[in-house]
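Commentary on secondary and tertiary structure
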Amino acid sequence: MSLWLDMLGTEIRFVSTPSFGDIRIAEAGKENKEVILFQHGINGHLEAYAKNIIALSEDFHVIAFDYVGHGLSTKKEMEYSPIVLADQLKELMDTLGIEKAHLSGESLGGWTSAHFAAKYPDRVDRLMLNTAAGLPIATEKGRNDLEKLIELNKRNINSVPNYESVEARMHWLMHESNHHLINEELVNLRLGIYLKPETVKVAPLITKIIEKHDDFLIPLDLIKCQTLFLWTEDNPIHDIETARSASEKIQGSHVYLMKSKSAHWPQYEAPEEFNEVTTNFFKFGKVE
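The following paragraphs examine the structure supplied in this document.

**What about the nonpolar core?**
Grouped together as the largest cluster of nonpolar side chains are 54 residues, with contacts concentrated most on Leu-37, Phe-65, Tyr-80, Phe-116, Leu-127, Ile-223 and Phe-229. Here this core takes six residues from helix H4 (residues 108-119), the largest share from any one element. Beyond its immediate sequence surroundings of up to four residues, Phe-116 is in contact with Ala-86, Leu-89, Lys-90, Met-93, Leu-103, Pro-121, Arg-123 and Val-124. Ala-48, Tyr-49, Leu-56 and Trp-265 belong to the second-largest nonpolar core, a separate cluster that totals 38 residues.

**As for empty space enclosed by the protein**
With the rule as written, the count across this model stands at one cavity of 30 Å³ or more. Roughly 240 Å³ of volume is contained in the largest cavity. Together, 25 residues line the largest cavity, and Ile-42, Ser-107, Leu-108, Leu-149 and His-264 are the ones closest to its centre. Mapped by element, the contributors of at least two residues to the lining of the largest cavity are H4, helix H5 (140-156) and helix H6 (163-173).

**Concerning the environment of Pro-271**
If you trace the backbone, Pro-271 turns up in helix H11 (residues 271-284). Once the C-alpha coordinates of Pro-271 and Glu-58 are considered, the two residues, 213 residues apart in sequence, prove to be 15 Å apart. Not counting the four nearest positions on each side in its chain, Pro-271 is found in contact with Lys-51, Asn-52 and Pro-266.

**Comments concerning the packing of aromatic side chains**
For the structure on display, the rule yields seven aromatic pairs. Measuring from ring centre to ring centre gives 5.0 Å for Phe-116 and Tyr-120, while their planes differ by 45°; the resulting arrangement is tilted. For the pair formed by Phe-116 and Tyr-120, the shared burial category is buried. Centroid distance Phe-281 to Phe-282: 5.4 Å. Interplanar angle 45°. Geometry classified as tilted. Judged by relative accessible area, Phe-282 falls into the buried class, the value being 0%. In textbook terms, an aromatic cluster arises when at least three aromatic residues are bridged by ring pairs, as seen for Phe-38, Tyr-49 and Phe-274. Positioned above the aromatic ring of Tyr-268, the side-chain terminus of Lys-51 is 4.8 Å from the ring centre.

**Quick word on a negative patch on the surface**
Together, Glu-176, Glu-233, Asp-234 and Glu-241 make up a negatively charged patch on the protein surface. Here Glu-176 lies in the loop between H6 and helix H7 (184-194).

**Things to note about the side chain of Ser-107**
For Ser-107, the location among the structural elements is in the loop between strand S5 (101-106) and H4. With a relative accessible area of 10%, Ser-107 lands in the buried category. For Ser-107, the side chain forms a polar contact with the side chain of His-264, separated by 2.9 Å. Residues within four places of Ser-107 in sequence aside, it is in contact with Gly-41, Asn-130, Thr-131, Ala-132, Ala-133 and His-264.

**Let's talk about the sheet that holds S5**
Here eight strands make up an open sheet; going across it, the order is S1-S2-S4-S3-S5-S6-S7-S8 and the pairing mixed. Unpaired on one side and paired on the other, strand S1 (11-17) and strand S8 (254-257) mark the two borders of the sheet. Neighbouring strand axes in the sheet, compared pairwise and without regard to direction, differ in orientation by 25° on average. As defined by bridge partners, strand S3 (residues 35-39) adjoins S5 across four bridges and the pair is classed as parallel. When the bridges of S5 are listed, Gln-39 appears paired with Gly-105.

**Remarks on the packing of helix H3 (residues 82-96) against H4**
The N-to-C vectors of H3 and H4 enclose an angle of 70°; their axes lie 8 Å apart at closest approach. As judged from the angle between their axes, H3 and H4 are roughly perpendicular. Contact residues: Pro-82, Ile-83, Leu-85, Ala-86, Asp-87, Leu-89, Lys-90 and Met-93 in H3; Leu-108, Trp-111, Thr-112, His-115, Phe-116 and Lys-119 in H4. A breakdown of the residues in the contact of H3 with H4 according to their chemical character gives nine nonpolar, two polar and three charged.

**Observations concerning the packing of H6 against H7**
A packed helix pair is summarised by two numbers, namely the angle formed by the two axes and the spacing between the axes. Between H6 and H7, the shortest axis-to-axis distance is 9 Å and the interhelical angle comes to 115°. Note that H6 runs across H7; the crossing there is right-handed. Together, Tyr-163, Val-166, Glu-167, Met-170 and Leu-173 of H6 and Glu-184, Leu-186, Val-187, Asn-188, Arg-190, Leu-191 and Tyr-194 of H7 make up the contact between the two elements. Of the residues belonging to the contact of H6 with H7, the class tally is eight nonpolar, one polar and three charged.

**A few points about H3**
Between the first and last C-alpha of H3 there are 21 Å, a value that for 15 residues agrees with the 21 Å anticipated at 1.5 Å per step. Restricting attention to buried positions, one finds in H3 the residues Pro-82, Leu-85, Ala-86, Gln-88, Leu-89, Glu-91, Leu-92 and Met-93. Gly-97 lies just past H3 and shows a positive phi near 75°.

Definitions and limits used
Residues numbered from 1 in each chain as written. Predicted model: local features only at pLDDT ≥ 70, side-chain atom pairs only at ≥ 80, totals over all residues. Heavy atoms only, no water. Core = buried A, V, L, I, M, F, W, Y, C linked by side-chain atoms within 4.5 Å. Buried < 20%, exposed > 50% of the residue type's maximum accessible area, 1.4 Å probe, protein only. Helix = DSSP H or I, 4+ residues; strand = E, 2+ residues; numbered from the N terminus. Contact = heavy atoms within 4.5 Å. 1 Å grid on protein atoms, 1.4 Å probe; cavity = no way out; pocket = protein on both sides within 12 Å on 5 of 7 lines; lining within 4 Å. Points joined across faces, edges and corners; volume = space filled by probe spheres on them. Phe/Tyr/Trp six-rings, centres within 6.5 Å; stacked < 30°, edge-to-face > 60°. Lys NZ or Arg CZ within 6 Å of the ring centre and 35° of its normal. Patch = residues over 30% accessible without salt bridge, like charges linked within 9 Å, V, L, I, M, F, W, Y side chains within 5 Å. Areas by Shrake-Rupley, 256 points an atom, 1.4 Å probe, with all protein chains shown as cover. Salt bridge = Lys/Arg side-chain N within 4 Å of Asp/Glu carboxyl O. Lys, Arg positive; Asp, Glu negative; His and termini not counted. Charge placed at Lys NZ, Arg CZ, Asp CG, Glu CD. Polar contact = N/O pair within 3.5 Å; in protein donor to acceptor, adjacent residues only side chain to side chain. Pairing = 2+ DSSP bridges. Axes fitted to C-alpha atoms, helices over the stretch in contact; angles between N-to-C directions. Parallel < 35°, antiparallel > 145°, perpendicular 65-115°, else oblique. Nonpolar A, V, L, I, M, F, W, Y, C, P; charged D, E, K, R; others polar. Left-handed = near helix turned anticlockwise from the far one by under 90°. Expected span 1.5 Å × (residues − 1).

So this is what it looks like as structure tokens:
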């Protein structure tokens, strides 16, 4: 199915922020009171949530957006970090008039959401960390996975992306049983974003975030909202033991391990299960 059929009924627009330029958002369910803000991973874009926005808009006001430097948002040459992106999230919420929201972030999105929840606790209802980065690594495997990713990004940092390299990265994101979801539309969308001259300028600045992973660990002890670690057995970075160890440091938090085969993109690989878990957690505070 086309991404645009998945997102049929979603409003796509740009929102101007004071410090971070024009931010592209996808929005549905504006009539609903409770807000979910979905946040993508490093070098990603809002289409990572193509299979979730409309499905969840029956109960929630759903917004997915491109971080500054990502997708079709303004490409700003600056030092990138989850702290900076958390401030962008605050500006976006202020601009949209959203006082409080549920946050769900994947990878970098979870890392940023957690820093936001620690810094602005009164702005967060519930927090979902979806295969999030920024956790203290608990196992040797987890440390090796991170080191391999850092080395891979160093090798690719000055390479011009092509169809094959983008497709390979998408294979890394998804479980091998879901590689049929990686079609020409999805690869060409990401490749088209990567080849824009303004993206080429900021991509090395964004990629450096990974190298500074341990400099920006999530202050888990400062997170006071109800928190769910949504994880997969085959997450290629940060294993389930790391998620469970981090969960122990947030009082009352829970870990949910996806039943469906998925890796780093469970919201896209197994949308029915993801959407059900998201609804139960954000609407009722239940984890099943």
